[in-house]
Amino acid sequence: MLKLTIEEIAAIIRPCGLSNTKAKAIWHLSKMLFELYHGKVPSTFDALEKLPGVGHKTASVVMSQGFQTPAFPVDTHIHRCAKRWGLSH
């Protein structure tokens, strides 16, 4: 990813939406992974959530799928509904 420009990344991911913002995050995230973690994805929630564009849901997906750590990825919409229904706080 670091060999591509932010504009090239944006062109590739354009169908996903918000490509300009996501492309910047992808490029900067890639740079951090290379410089700080020698190209390896960190295996803690704290380290993952410090990466650009990675929130708690994405970190939960990476932890559960990549590192077999128990996690329950919940997006903003599910969280809001669960709160309204009294299932969480």
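Provided above is the structure to which this section pertains.
So, here is what we can say about the structure in this document.

Cut-offs used in this document
- Position numbers for residues start from 1 in each chain and track the written sequence from start to end.
- With the structure being a predicted model, the display of local features is reserved for residues of pLDDT at least 70 and the display and counting of side-chain atom pairs for 80 or more, all residues being used for whole-chain, interface and lining totals.
- The side-chain values count all of the structure's non-hydrogen atoms but skip hydrogen atoms and water molecules.
- Put simply, DSSP H or I for four residues or longer makes a helix, DSSP E for two residues or longer makes a strand, and each gets a number counted from the N terminus.
- With the radius of gyration taken over C-alpha atoms, the globule rule is written as 2.2 Å times the number of residues to the power 0.38.
- By definition in these notes, contact holds between two residues if any of their heavy atoms fall within 4.5 Å.
- Think of it this way: Lys and Arg go in the positive column, Asp and Glu in the negative one, and His and the chain ends go nowhere.
- By convention, charge coordinates are those of NZ in Lys, CZ in Arg, CG in Asp, or CD in Glu.
- Throughout, nonpolar core names a set of buried Ala, Val, Leu, Ile, Met, Phe, Trp, Tyr and Cys residues whose side chains join them through atoms within 4.5 Å.
- Under the scheme applied here, a residue whose accessible area is under 20% of the maximum for its type counts as buried, over 50% as exposed, and between as partly exposed, the area being computed with a 1.4 Å probe on protein chains only.
- Angles here are taken between N-to-C directions and fall from 0 to 180 degrees, while the axes themselves are lines fitted to C-alpha atoms, restricted in helices to the stretch in contact.
- We call two directions roughly parallel when the angle between them is under 35 degrees, roughly antiparallel when it is over 145, roughly perpendicular when it lies between 65 and 115, and oblique otherwise.
- When the near helix sits turned anticlockwise from the far one by under a right angle, the crossing is termed left-handed; a clockwise turn instead gives a right-handed crossing.

**Some remarks on the overall build of the protein**
- Helix and strand counts for the protein stand at 5 helices and 0 strands.
- Whereas a compact globule of 89 residues would reach a radius of gyration of roughly 12 Å, the protein reaches 15 Å, over 25% beyond that.
- Taken along the three principal axes of its C-alpha coordinates, the protein extends 45 × 30 × 20 Å.
- Taking as baseline every contact in the protein between residues at least 6 positions apart, the subset at least 24 positions apart corresponds to 20%.
- Side chains of the protein give 11 positive and 6 negative charges; the mean places of these two sets differ by 6 Å.

**Observations regarding the nonpolar core**
- Counting residues in each nonpolar core, the largest one holds 7 residues, listed as L29, L33, L48, L51, V54, A59 and M63.
- Secondary structure elements with two or more residues in this core: α2 (19–37) and α4 (56–66).
- L33 has contacts with H38, G39, K40, V41, P42 and L51, leaving out every residue within four places of it along the chain.
- I9, I13, A23 and W27 belong to the second-largest nonpolar core, a separate cluster that totals 5 residues.

**Some details on the packing of helix α1 (residues 6–13) against α2**
- Relative to each other, α1 and α2 sit at 125°, their axes nearing to 8 Å. Here α2 runs oblique to α1, going by the angle between their axes. Between α1 and α2 lies a crossing of right-handed hand. Seen from α1, the contacting residues are I6, I9, A10 and I13; seen from α2, they are S19, N20, K22, A23, K24, I26, W27 and H28.

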